[in-house]
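Structural characterization, general
Here is how the chains run, residue by residue.
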Amino acid sequence: MSKYLVETHYTCTFKIVHELNELNEKALSDVDNREDGKVEVIDVIVNNRKTKRADDLKKAQKIEIQGKVKINNKNNKKKEEILKNEIVNKNILNKQQFNAKVSEKRFKMPDRRKGYIQKATVGDHKIYLHTGEYDDGKIGEIFIDTNKEGELVKALMNNFAIAISLGLQYGVPLEEFADAFLDTKFEPSGKVYGNDRILSATSILDYVFRELAISYLGREELAHTPSIKNIDSQKIEGKDDQFLKIVKNITSKGFVRSNYEEKLVDLSDVRINLKSKS
C-alpha cells in the first residue's frame, strides 16, 4: 500500500501582554526583548493541506543526497588536485632554492690561505681542528686530527673532513652541516677542556660543528660561556677605514670570531723612524 504524508498549514493570531512599571519610550522599546509576557491565542485558521506520497519523498531525498555526494566528491577531487599541485610546486621550489645555493662549480681554496687551529680535549681524547678560509673570511675546508685513536678511526675522520670541505667548496652552506651534526651522540663525549666557549659536547662531531657555528656563523646560543663582546657588523662597517680593512684581510675571521676590535691593537698613529746604517 502506498503511504501519504499530510502537511497542514495554519494561521495563528495571538497577543502578548506585558506589565510596565513606567510608561515611557524606553520601556516601550524594551518590550520586544522581554520574555515575561503572557501569551493568549485569539484565533487559529486552517489555510490548506497538502498530500505527498512517501515513496516519492524518499526518492527525492535520495536524489538530493546523491547530488550532494557527487558535488562533495567533485570538490574533494579538486581540493586533492590543488593540494597535490601545491606540494609538487613547493618541492620544485625547495629543490630550485637548494640548487641555487649549491653551485655546480667548485671554488677551490687559494694556495696561501688564512685559518686557525683549535686544540681541545673531549673526554680523554685530544682533538685538533684546522680550518681554511677564502680571502673574504668564509670557511672553505676543515681538517680533524685525533689522538689515542686507531688507524681506522683516524682515516674515517680525515675522509669525513674532506667530504665536508668539498661540500663547502661546492657551495653547501655551513648552516646545513651544523644543523645536521649538532647534538649527535657517541663516544668520546663529556667535558671539553681547552676551548673558552664550549664546556661539554655529546660527541666529536657535536664539538666540531658547535665550534664552527660559533666562530663563523655567530651562533652564540650554542656557546656555554658569554662572548667577550658582541660587535655589530654595521658598527664595524661604519668604522671600516683603511687600517681595519688591512687587518680584516690578513686576520682569520674564525680565529677572532669576528671580534676584530677586541683583538686589534691600533698602531695607525705610531711613527717609527728607521735609520739606515751607513
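Quick caveat: nothing in here was measured; it's all calculated off a predicted structure. (Residues numbered from 1 in each chain as written. Predicted model: local features only at pLDDT ≥ 70, side-chain atom pairs only at ≥ 80, totals over all residues. Heavy atoms only, no water.)

Describing the nonpolar core
- Judged by nonpolar contacts, the single largest core of 32 residues is most densely connected at I142, I144, Y207, V208, F209 and L212.
- Broken down by secondary-structure element, the contributors of at least two residues to this core are β3 (117-122), β4 (125-133), β5 (139-146), α3 (151-169), α4 (174-181) and α5 (204-217).
- Here the element with the most residues in this core is α5; it accounts for nine residues.
- Residue contacts for Y207: discarding those within four places in its chain leaves Q118, A120, V122, I127, V192, N195, I198 and A201. (Core = buried A, V, L, I, M, F, W, Y, C linked by side-chain atoms within 4.5 Å. Buried < 20%, exposed > 50% of the residue type's maximum accessible area, 1.4 Å probe, protein only. Helix = DSSP H or I, 4+ residues; strand = E, 2+ residues; numbered from the N terminus. Contact = heavy atoms within 4.5 Å.)

A few points about the sheet that holds β3
- In space, the five strands of this open sheet follow the order β5-β4-β3-β6-β7, with antiparallel pairing throughout. Of all strands in the sheet, those bounded by a partner on one side alone are β5 and β7 (200-201).
- Where β3 meets strand β6 (residues 190-193), two bridges bridge the pair, whose relative direction is antiparallel. Following the sheet pairing, V122 is matched in β6 by V192. (Pairing = 2+ DSSP bridges.)

Comments concerning the pairing of β6
- Two strands pair when backbone bridges link them, and β6 and β7 are joined in this way by two bridges, in the antiparallel orientation. Counted as the bridge partner of K191 is S200 from β7.
- Between β6 and β7, which follow one another and run antiparallel, lie six residues, and G194 among them has a positive phi close to 100 degrees.

Brief notes about the pattern of salt bridges
- Here the structure, examined in full by the defined rule, presents nine salt bridges.
- As a salt-bridge pair, K26 and D30 come within 3.3 Å of each other at their nearest N and O atoms.
- For D30, a relative accessible area of 31% corresponds to the partly exposed category.
- As a salt-bridge pair, R219 and E221 come within 2.6 Å of each other at their nearest N and O atoms.
- On the accessibility criterion, E221 (56% relative accessible area) is exposed.
- Counted as one network, the salt bridges with shared partners bring together D179, R219 and E221. (Salt bridge = Lys/Arg side-chain N within 4 Å of Asp/Glu carboxyl O.)

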